[in-house]
Amino acid sequence: MTGYGAITTIGAATASLAVHGLSTYSHTDSELYISDPIPVVACAVFVCFWIASAFMVVFDMVGDTILYCFMIDQDAKDEEERNRYAIEMQEREQQSWTGWLLSGGMGCVVGKEYTDGNGVHNTPKAVKELVVEHGRHRHS
């Protein structure tokens, strides 16, 4: 409401000063003499309020849009941080087969890099590495 009031007041004051202060409108000898300045100032108030409305609606919409974009950005950053933390915790749990065993074996990893070609992806990375390592020792 402050924007509406400020723009309307400035416009009305300017119109009033022009009607009362400029000799073109205030001297009775002038062709453009205004005998009753109140209707002119009232029209100026109406026009200024109408113009202020257009500007303030756009200003309000832009402000809401910027705030919305900021909130979406903050949510994305928070989600990224939560995902990064979850991946870090999952990697810590799967660093060794004992960590996997002590965590209840529930830290299974689903992803292309952990599948064995058949689409099976229920075995944690640490267990697969353990099997591969034992396979190397057995064949040497």
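Residue positions are given per chain, counting from 1 as you read along its sequence in written order. Confidence filtering applies because this is a predicted model: local features only for residues at pLDDT of at least 70, side-chain atom pairs given and counted only at 80 or more, and all residues used for totals across whole chains, interfaces and linings. Computation of side-chain values: all heavy atoms of the structure, hydrogens and water removed.

Asker: Where do I start with the pattern of salt bridges in this structure?
Answerer: Once the charged atoms of two side chains with opposite charge are near each other, the side chains can pair. Any carboxyl oxygen of Asp or Glu that lies within 4 Å of a side-chain nitrogen of Lys or Arg is treated as forming a salt bridge with it. Scanning the entire structure with this criterion turns up four salt bridges. Put simply, Glu-79 and Arg-82 hold a salt bridge, and the shortest N to O gap is 2.7 Å. Of this pair, Glu-79 and Arg-82 both sit in helix 3 (residues 37–93), three residues apart, roughly one helical turn. Here's how the labels work: a residue is buried when its accessible area is under 20% of the maximum for its type, exposed when over 50%, partly exposed in between, all with a 1.4 Å probe on protein chains only. With relative accessibility at 36%, the residue Glu-79 sits in the partly exposed group. Numbering goes from the N terminus for both helices and strands, where a helix is a DSSP run of H or I of at least four residues and a strand is a run of E of at least two.

Asker: In this structure, what is going on with helix 1 (residues 2–21)? I would like to understand it.
Answerer: Note on helix geometry: an α-helix contains 3.6 residues per turn, so any two residues three or four positions apart are oriented the same way. A helix is expected to reach a length of 1.5 Å times the quantity of its residues less one. With 20 residues, helix 1 should reach 28 Å at 1.5 Å per residue; the first-to-last C-alpha distance of 27 Å fits that figure. Turning to helix 1, its buried residues number three or more, namely Gly-3, Tyr-4, Thr-8, Gly-11, Ala-12, Ala-15 and Val-19. Taken down its axis, helix 1 places every buried residue within 145° of arc, on the same side. Every exposed residue of helix 1 that faces more than 90 degrees away from the buried side is listed here: Thr-2, Thr-9, Ile-10, Leu-17, His-20 and Gly-21. To be clear, the arc concerns the directions from the helix axis to the C-beta atoms.

By themselves, these observations are geometric and do not establish any function.
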